[in-house]
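# Residue-level structural notes
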Amino acid sequence: MPKRSLMLAGGGLKIPFQAGVLQVWLDEAGVQFDHADGVSAACFHLAMWTQGMSGKQIADNWRTFQPLAAVDVNWAQLPLLFYADSFFELDGFRKKIFPRWGINLEQIRASGREATFNVYNFSTHTLRPVTAQELTEDFLIATASLPVFFPPVQIDGHTYIDAGFNTATNLE
């Protein structure tokens, strides 16, 4: 039997729309996937899918999403304008959104679902697929760390950013 992979591309405003598609595919059509891969903010969907949420749960999380609660202005960097590390911070996702959405990193790491979360290692200029078993909050935040808008994430001496600048999906 051929295996089916779910490829979740990032892309800003496409993300809430993608959640509705997941509701139809996963819940209404009953489509099953053997593997899933995500890039950029689509990794948030991937995290929810990997831990076993239904398509409706994923879509409902976006239906109740409050964008202003998700990001914080990086006030210390704002006066630097184009020389700033970032205009915003993703601490709102860490402290408010992930808990509200029920994202549980222990469940994700223990999941039997095969998943890869893509980040770009800016230190080595390589795409870094992170497996569900390796996923940390820092890696999950790095998946959506768009340069200029959000700060890069430092992990083990390497700088990670959103992989959307490198790939739309990781077919490898």
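On a predicted model such as this, the values are computed, not experimentally measured, just so you know.

Before going further, it helps to examine the overall build of the chain. Secondary structure assignment for the chain yields 7 helices and 8 strands. The C-alpha atoms of the chain give a radius of gyration of 16 Å, which matches the 16 Å a tight globule of 172 residues would have. Overall, the C-alpha framework of the chain stretches about 55 × 35 × 25 Å when taken along its three principal axes. The buried share among the 172 residues of the chain stands at 45%. Contacts in the chain between residues far apart in sequence, at least 24 positions, make up 64% of those at least 6 positions apart. When the accessible surface of the chain is summed, it comes to about 9100 Å², and 58% of that surface belongs to carbon and sulfur atoms. On the chain, the mean spot of the 12 positive side-chain charges and the mean spot of the 17 negative ones are 6 Å from each other.

It is worth spelling out helix α5 (residues 91–101) at this point. Of all the positions in α5, only G92, F93, I97, F98 and W101 are classed as buried. Down the axis of α5, the buried set is contained in an arc of 135°. They therefore lie on one face. Check the buried side of α5 and you find it contacts α2 (42–50), α3 (55–63), α4 (67–70), β3 (72–73) and α7 (137–142). Phi for G102, located one or two positions after α5, is positive at around 80°.

As a further point, take the side chain of Q77. Among the structural elements, Q77 can be located in the loop between β3 and β4 (88–89). Residue classification places Q77 among the buried positions, given a relative accessible area of 16%. Dropping the residues within four chain positions of it, Q77 is found in contact with Y83, A84, D85 and S86.

This brings us to the environment of M7. Here M7 shows up in strand β1 (residues 5–8). Sequence-wise, M7 and E106 are 99 residues apart; in three dimensions their C-alpha atoms are separated by 23 Å.

Turning to the side chain of N74, a few remarks are in order. Tracing the sequence through the fold places N74 in the loop between β3 and β4. Excluding its chain neighbours within four sequence positions, the residues that come into contact with N74 are S86, F87, F88 and E89.

Backbone geometry places L81, a non-glycine residue, at a positive phi of 45°. Within the secondary structure, L81 is located in the loop between β3 and β4. Residue V148 is not a glycine yet carries a positive backbone phi of 80°.

Parameters and conventions
- Residues numbered from 1 in each chain as written.
- Predicted model: local features only at pLDDT ≥ 70, side-chain atom pairs only at ≥ 80, totals over all residues.
- Heavy atoms only, no water.
- Helix = DSSP H or I, 4+ residues; strand = E, 2+ residues; numbered from the N terminus.
- Rg over C-alpha atoms; globule rule 2.2 N^0.38 Å.
- Buried < 20%, exposed > 50% of the residue type's maximum accessible area, 1.4 Å probe, protein only.
- Contact = heavy atoms within 4.5 Å.
- Areas by Shrake-Rupley, 256 points an atom, 1.4 Å probe, with all protein chains shown as cover.
- Lys, Arg positive; Asp, Glu negative; His and termini not counted.
- Charge placed at Lys NZ, Arg CZ, Asp CG, Glu CD.
- Arc of directions from axis to C-beta.

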